[in-house]
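Secondary and tertiary structure notes
One-letter residues, chain by chain:
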Amino acid sequence: MTVTLTPDVSLQISGLWKTFGDFVALKDISLEVMDGEFVCFLGPSGCGKTTLLRAIAGLDLQTRGTVIQDGRDVSALPPSQRDFGIVFQSYALFPNLTVHRNIAYGLENQGRTRSEIRARVAELLETMGLPDQSDKYPAQLSGGQQQRVALARAIATSPGLLLLDEPLSALDAKVRVRLRHEIKDLQRRLGVTTIMVTHDQEEALSMADRIVVMNHGVIEQIGSPTAVYRDPVSLFVAGFIGEMNQFDARVVDSGRVRVGQSEFCCRTHDHEAGAAVVAAIRPDEIVPLGTGYRPSPEDVNCEKVTLADMAFLGSFWRCLLHSEDFGREALMADFPTNAVRRLSLEAGQDIHVSLQESGLMAFARDV
Amino acid sequence: MSESVAALPKGGRVRAKLDRDDVMMRLWMVVIALYLVVTLAFPLYAMLSKSVSTFRFDLTWFEFQVSDEEGHFNTAPILASALNADLDLYGETDLATGSDGRLPATTFFPEFSFRSPVMYRIRGTVDDATFLVGSTRHQGREWVELDSNTFRRVQLRPAASSGLDNFRTYFATPALSNSITNSLVIATVSTIVTIVLAFAFAYALNRSCARFKGFFRLVAMAPILVPSLLPGIALVYLFGNQGMLKGLLMGESIYGPIGIVIGAVFFTFPHAFLIISTALAISDARLYEAASALRASPWKTFWTVTIPGARYGLISAAFVVFNLVITDFGLPKVIGGQYNVLAVDIYKQVIGQQNFEMGAVVSVVLVIPALLAFAVDRFVQRRQVAQLTARSVPFQPKPDRARDRAWFACCAVIAVFILGILGVCQFAALVKFWPYDLSLSLNNYRFDLMDGGGWASYYNSIKMGLITAAIGTVIIFFGAFLVEKSNGFTTGRNIFQMFAMLPMAIPGMVLGLAYIFFFNDPANPLNVLYGTMAILVICTITHFYTVSHLTAVTALKQMDREFEAVSASLKQPAMKLFSRVTVPVCLPAILDISIYLFVNAMTTVSAVVFLYSPKTSLASIAVLNMDDAGDIAPAAAMGMMIFYTNAAARIIHLALSRGVMKRTQAWRFR
């Protein structure tokens, strides 16, 4: 079998299916991961992201399709004959072995001498910031430390691919945020191709070079964090990543939609005039114009609303807005704290807001 | 979703390439599965086919010719069936027999005299017809001519066929089929009594602040350490014909259902107690807080919270006890008297009457209730697990003097019963001649002077127990590891699981008898095992396979299921993970399995009673045989030797476990 690849493709997945009886867990997945890239599989639980990761590792074989790693067809190979390191959500540290022996586990039987192994383990512990923990048992470490040991064990043999299965979800919020940066930093230094499975969109946005958004066993969108955030291709992606106001609308003509009695400039994509769509906008794309604002005719997307409720969330205020055009559904808007101060906004006021044209998008309704 | 499946591109499934570890693990699994097939499935099949093989004399198969006094055969040959009709000798039912059936030819000739000069000829009318002349076997249609003196030694052999005749005979013979009712009655009554007592005991230990709980817990487990026939011996001393408490029975005999039930309560008590105690221990304190917040009366709380919470434990315990009682052989053998039960019937048919086919029939009958009880128990246990939640708060009893004293009294009565039985045995073993000379002596320990194999049988038992524990633990744990931790091969693993569960449903008597049929068959190359220590070990491992297997599986399931994946991704052999991580982490469970096998090997009677030879007699068998021979005091002495040995083994096990915990389980303690 001849495989033609551009030189920097690390992993190529094509036509991958996984079925359990009648249930289709993965449906015709095709994907390329570049050398040194950090890719996140993101989606709600049951979307197939872990199934896909396990297929790549050879832990649960796919029903159809091929996996090619560094030009080698590994589709049917057992895990032991593939080239990857893996970290699980549970870390799967061997409880009866010390930290040192856990990390050294994969270095044994590889033609290394004892002192080489010791040096390598010491180096890894140093990298992980755990230099004096080597004689402890896993149960004596904190969750974050265990996480790092698991990571050290996975990269000890310098695998060509690092697989992370929800590595941070067992940790508390602060440690999680710190480890995000550490893992990302480590990955960049080592240059190891990495795939991480997560259901946490913040984690994906802050760590990944590219995000693969999955739902119901199919890939909804592949793109950089900014791309999937700014230009979601479907209502699912729009709703899953970040907050999103959604309301029914009708396309007037290209670039314009009607909501209630008003028309708005909008990215209508390729929906035809007259089509019933769902318009969506993120809370931070709604900009407050103040109480005394007099809209001029050039003002597009200006809407008069009632400021129904405000909640202080530190750097911004989360506000609920009511308007005739949007009916009973409240619009959610995030106003910067300094804007609220400048405009002296208070709950109960009638104000004008602007729905940013670049942030207002139309999507097909879910069938 | 099925339309999506239809969209699946054509072509074959991706077939996994196996690495060496996968292949090795599958091979080993097949090896252990084969072990179970040979030591369980084949013998059971042999027994089943024995139960449907029938033997009867077919008189149309034999033809005789008789000469005159000069030796001339002038008269025409005559069929045996014709002679039978003329003489009106045997009816249809009289001609049914066993595999060893022999019918003397002379019975068809009332005027036969072995001194007569008359000559006889005999032949078969079909190729399969067989008869014996002395010990020489003849088959076929050739005439055989014999003088009177030799004809005297001619025996007709029956024709073999298969069918349900044996079962018809069984159900048509009240002496046999009454045992079904007897067994069911005994098992039901014993179950009810045991469950009530065990529940009270477990309730007291879990839900009250009665004193000496640790001691009571210890006492409750003691009966596990002795053979089931030991309480029978104690009851003979207490309530037998010369028993010291005979008056309490008010004229009833202890030899019969009363004795069996009391003894059964004794030996099944720890099993019921353990299960019910676990069920009570896991119940949720928050439910009791809710009940008291709702002002429910204690009585109402008991019926709406306690009983429902423990119901799976109660049901499971009931079926375990039922199964133990109905399959038990030792106790009714010792104390059953004329009251026949199924397990003893098997023994009587096989050892007493050498009627192997009927023994097989009774075995099949006994398997049915045992199998049912087993199935219900498995079903219920699955539900019990589902009930557990990680958030449950353990119940902490609050002191209440009056109530705690009542529960203490209740526990004390049961403890006195258990210790009393053991105490009576020990006392009886030490007195010179019950009840006439109560001075103490060690005469009853001179086992070499009695039937039953003497001290050699005691050492045999220890040897058998140690070998069983060592080999059995290795086979069972390794088998459980393979079935739990190997990849793919789902069908093979499911079949293995099924085989591993089967032994629990097979009563010991049935297993032992099945072994006779399978291993004593001269055509079987494994026949060399018959009569050796090896067959006792094999039989005992198989007999106690299931519980050990479940212990191993539970321990293995508690390990992170990703260990194998991590190890494989680090390119390390599966056996390295097994020896470096799996075995050390599971060491407490491994020790539990070995002590379980040892204790049971020491106490088991039912399976091995068919399989021991004079050289491999066991202590538990010696108890049975000495009791049978009337040497009841030495039987009690030997029974107590088993008790002390098992108790010592338990203590060693405990010390060993502690030591092992300290060294290899350091990671458990921060």
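Just so we're clear, the structure is a prediction, and the values are computed from it rather than from any experiment.

Okay, the sheet that holds strand S12 (residues 256-259) of chain A next. Residue and element names in this part refer to chain A. Strand order in the open sheet formed by five strands is S13-S12-S11-S14-S20, with antiparallel pairing between adjacent strands. Each edge of the sheet is formed by a strand with only one pairing partner; in this case those strands are strand S13 (262-265) and strand S20 (361-364). Each adjacent strand pair in this sheet contributes to an overall mean axis angle of 45 degrees, direction not counted. Where strand S14 (residues 276-281) lies against S20, four bridges are found, and the strand directions are antiparallel. From the neighbouring strand, Val278 faces S20, where its bridge partner is Phe363.

On to the packing of helix H6 (residues 174-207) of chain B against helix H9 (residues 257-281) of chain B. When two helices pack together, you describe them by how their axes are tilted relative to each other and by the distance separating the axes. Residue and element names in this part refer to chain B. In contact at an axis separation of 6 Å, H6 and H9 are set at 40 degrees when each is read in the N-to-C sense. Of the possible angle classes, the one that applies to H6 and H9 is oblique. Between H6 and H9 lies a crossing whose hand is right-handed. Its residues assigned to classes, the contact of H6 with H9 comprises 22 nonpolar, five polar and one charged.

Before going further, it helps to spend a moment on the interface of chain B and chain A. On the side of chain A, 46 residues touch chain B, which itself brings 42 residues to the contact. Both sides together, the interface formed by chain B and chain A hides about 3800 Å², and carbon and sulfur atoms give 60% of it. Viewed at the interface, chain A and chain B are joined by three salt bridges. Of the charged contacts in the structure, one is a salt bridge between A:Glu108 and B:Lys576, with a shortest N-O distance of 2.6 Å. At the boundary of chain B and chain A, one finds 16 residue pairs in polar contact (both at pLDDT 80 or more). Counting residues per element, the ones that place at least two in the side of chain B that touches chain A are helix H1 (2-6), helix H21 (563-569) and helix H22 (574-603) of chain B. The residue inventory of the side of chain B that touches chain A, partitioned by class, reads 21 nonpolar, eight polar and 13 charged.

Turning next to the pairing of strand S18 (residues 331-336) of chain A. All names here are of chain A. Burial analysis of S18 places five of its six residues in the buried class, which makes it a mostly covered element. Across six bridges, strand S17 (residues 316-322) lies against S18 in antiparallel orientation. Residue Arg318 lies in a different strand from S18, and its bridge partner there is Asp334.

All names here are of chain A. A positive phi angle is found at Tyr91, which is not glycine, with a value near 70 degrees. Structurally, the position occupied by Tyr91 is in the loop between strand S6 (85-87) and helix H2 (99-104). What makes Tyr91 buried here is its relative accessible area of 5%. Unusually for a residue other than glycine, Ser344 sits at a positive phi of about 45 degrees. Tracing the backbone shows Ser344 in the loop between helix H9 (337-343) and strand S19 (350-355). Here Ser344 falls in the partly exposed class, since its relative accessible area comes to 45%.

So, on to the pattern of salt bridges. Residues and elements named next belong to chain A. Overall, the coordinates contain 28 salt bridges over all chains when judged by the stated rule. Here Arg210 makes a salt bridge to Glu37, at a shortest N to O gap of 2.5 Å. Pair noted here: Arg210 is in strand S9 (residues 210-215) and Glu37 is in the loop between strand S2 (23-34) and strand S3 (38-42), with a separation of 173 residues, a long-range link. Of the charged contacts in the structure, one is a salt bridge between Arg318 and Asp334, with a shortest N-O distance of 2.9 Å. Placement of Arg318 in strand S17 and of Asp334 in strand S18 is noted, with a sequence separation of 16 residues between them. The class of Arg318 is partly exposed, set by a relative accessible area of 22%.

The next thing to look at is the pairing of strand S8 (residues 136-139) of chain B. Relative to S8(B), strand S7 (residues 130-133) of chain B is paired through four bridges, and the arrangement is antiparallel. Counterpart to B:Leu132 in the pairing with S8(B) is B:Arg137.

Turning to the environment of A:Ile155, a few remarks are in order. All names here are of chain A. With respect to the helices, strands and loops of the structure, Ile155 is situated in helix H4 (residues 143-155). Taking the C-alpha atoms as reference points, Ile155 and Leu190, separated by 35 residues in sequence, lie 9.4 Å from one another. In contact with Ile155, not counting residues within four places along its chain, are Arg120, Leu124, Met128, Leu162, Leu186 and Leu190.

In this section: the environment of B:Arg20. Note on placement: B:Arg20 falls in helix H2 (residues 20-51). Each C-alpha atom, one on B:Arg20 and one on B:Phe199, is 52 Å from the other, the two residues being 179 residues apart in sequence.

Rules of the game
- Residues numbered from 1 in each chain as written.
- Chains lettered and ligands numbered in written order.
- Predicted model: local features only at pLDDT ≥ 70, side-chain atom pairs only at ≥ 80, totals over all residues.
- Heavy atoms only, no water.
- Pairing = 2+ DSSP bridges.
- Helix = DSSP H or I, 4+ residues; strand = E, 2+ residues; numbered from the N terminus.
- Axes fitted to C-alpha atoms, helices over the stretch in contact; angles between N-to-C directions.
- Parallel < 35°, antiparallel > 145°, perpendicular 65-115°, else oblique.
- Left-handed = near helix turned anticlockwise from the far one by under 90°.
- Nonpolar A, V, L, I, M, F, W, Y, C, P; charged D, E, K, R; others polar.
- Contact = heavy atoms within 4.5 Å.
- Buried area = accessible area lost by both parts, 1.4 Å probe.
- Salt bridge = Lys/Arg side-chain N within 4 Å of Asp/Glu carboxyl O.
- Polar contact = N/O pair within 3.5 Å; in protein donor to acceptor, adjacent residues only side chain to side chain.
- Buried < 20%, exposed > 50% of the residue type's maximum accessible area, 1.4 Å probe, protein only.

Purely geometric numbers; function is a separate question.
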